[in-house]
Amino acid sequence: MKEHFLDRLYGEYQEYKASVLGCTNAEIYDRCYEIDAMANFYEILAEKTEELSDDILETLLQHRGILSKMYQVWLKKYSSCYSEMQQHVEDELQGFVKELRGDEKDGKLHK
C-alpha cells in the first residue's frame, strides 16, 4: 500500500512540475513560493508515508490532488514563518542602528 501511495504522490508531483515547466520564466518566478511549498509538501508526505497505516493510506488514495489541496489550505493559514521574518528584520535593523550610532542610543526603531 505504501508503494502505491508513493507512486501516486510522485505522479501528482511530476504532473505539477510539468505544468510549471510549461510556464514562462516570469510566471515561474511569480510562482516561486508555490513551487517551494509544493516541493516541501511532497518531501514531507513521502517521509510521513512510512508512519501511516495501510488503512490511512487506502483512505488517502481516494483523494485526488493531495498536494494541490494542501497548498490551497496552507495559503489560508497564518504563516509564522513570515512573522518570524518580520521580527528578524526588526531585530537586525535595531542592531544596525545601534551599531552605527554607537552606544549613545538604544537603537529602538519606534517613537
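First, a word on what this report is: a plain description of the structure on this page. Predicted, not measured: the structure shown is a model, and the values here were computed from it.

As for the overall build of the chain
In terms of regular secondary structure, the chain is built from six helices and zero strands. Its helices and strands in sequence order give the chain the pattern α-α-α-α-α-α, from N to C terminus. Looking at the chain as a whole, 22% of its 111 residues qualify as buried. Sequence-distant contacts, at least 24 apart, represent 64% of the contacts inside the chain between residues at least 6 apart. Summed over all atoms, the accessible surface of the chain reaches about 8700 Å², with 54% contributed by carbon and sulfur.

A short note on the nonpolar core
Residues Phe-5, Leu-9, Tyr-13 and Leu-67 are the most contacted members of the largest nonpolar core, which totals 17 residues. Listed by contribution, the elements that provide at least two residues to this core are α1 (2–21), α3 (32–48) and α5 (66–76). For this core, the element with the most residues is α3, which contributes six residues. When residues no more than four places from it in sequence are discounted, the contact partners of Tyr-13 are Met-38, Ala-39, Tyr-42 and Leu-67.

Quick look at the packing of aromatic side chains
Tallied over the entire structure, the rule returns two aromatic pairs. Here Phe-41 and Trp-74 contribute two aromatic rings whose centre-to-centre distance is 6.1 Å and whose plane-to-plane angle is 80°, an arrangement assigned as edge-to-face. Of this pair, Phe-41 sits in helix α3 while Trp-74 sits in helix α5, and the two are 33 residues apart along the sequence. The exposure class of Phe-41 is buried, given its relative accessible area of 14%. Take Trp-74: its relative accessible area is 33%, and that puts it in the partly exposed class.

Some points on the environment of Leu-61
Note that Leu-61 resides in the loop between α4 (54–60) and α5. Taking relative accessible area as the criterion, Leu-61 reaches 13% and is therefore assigned buried. Considering only alpha carbons, one finds Leu-61 and Arg-8, 53 residues apart in sequence, at a separation of 7.8 Å. The residues contacting Leu-61, other than those within four sequence positions of it, are Met-1, His-4, Phe-5 and Arg-8.

Side note on the packing of α3 against α5
For the pair α3 and α5, the least separation of the axes is 10 Å and the interaxial angle reads 120°. Considering the angle they form, α3 stands oblique to α5. The handedness of the crossing between α3 and α5 is right-handed. In this structure, α3 uses Tyr-33, Glu-34, Ala-37, Met-38, Phe-41, Tyr-42 and Leu-45 to contact α5, whose residues at the interface are Ile-66, Leu-67, Ser-68, Met-70, Tyr-71, Trp-74 and Leu-75. Here the residues of the contact of α3 with α5 sort into twelve nonpolar, one polar and one charged.

Definitions and limits used
Residues numbered from 1 in each chain as written. Predicted model: local features only at pLDDT ≥ 70, side-chain atom pairs only at ≥ 80, totals over all residues. Heavy atoms only, no water. Helix = DSSP H or I, 4+ residues; strand = E, 2+ residues; numbered from the N terminus. Buried < 20%, exposed > 50% of the residue type's maximum accessible area, 1.4 Å probe, protein only. Contact = heavy atoms within 4.5 Å. Areas by Shrake-Rupley, 256 points an atom, 1.4 Å probe, with all protein chains shown as cover. Core = buried A, V, L, I, M, F, W, Y, C linked by side-chain atoms within 4.5 Å. Phe/Tyr/Trp six-rings, centres within 6.5 Å; stacked < 30°, edge-to-face > 60°. Axes fitted to C-alpha atoms, helices over the stretch in contact; angles between N-to-C directions. Parallel < 35°, antiparallel > 145°, perpendicular 65-115°, else oblique. Left-handed = near helix turned anticlockwise from the far one by under 90°. Nonpolar A, V, L, I, M, F, W, Y, C, P; charged D, E, K, R; others polar.

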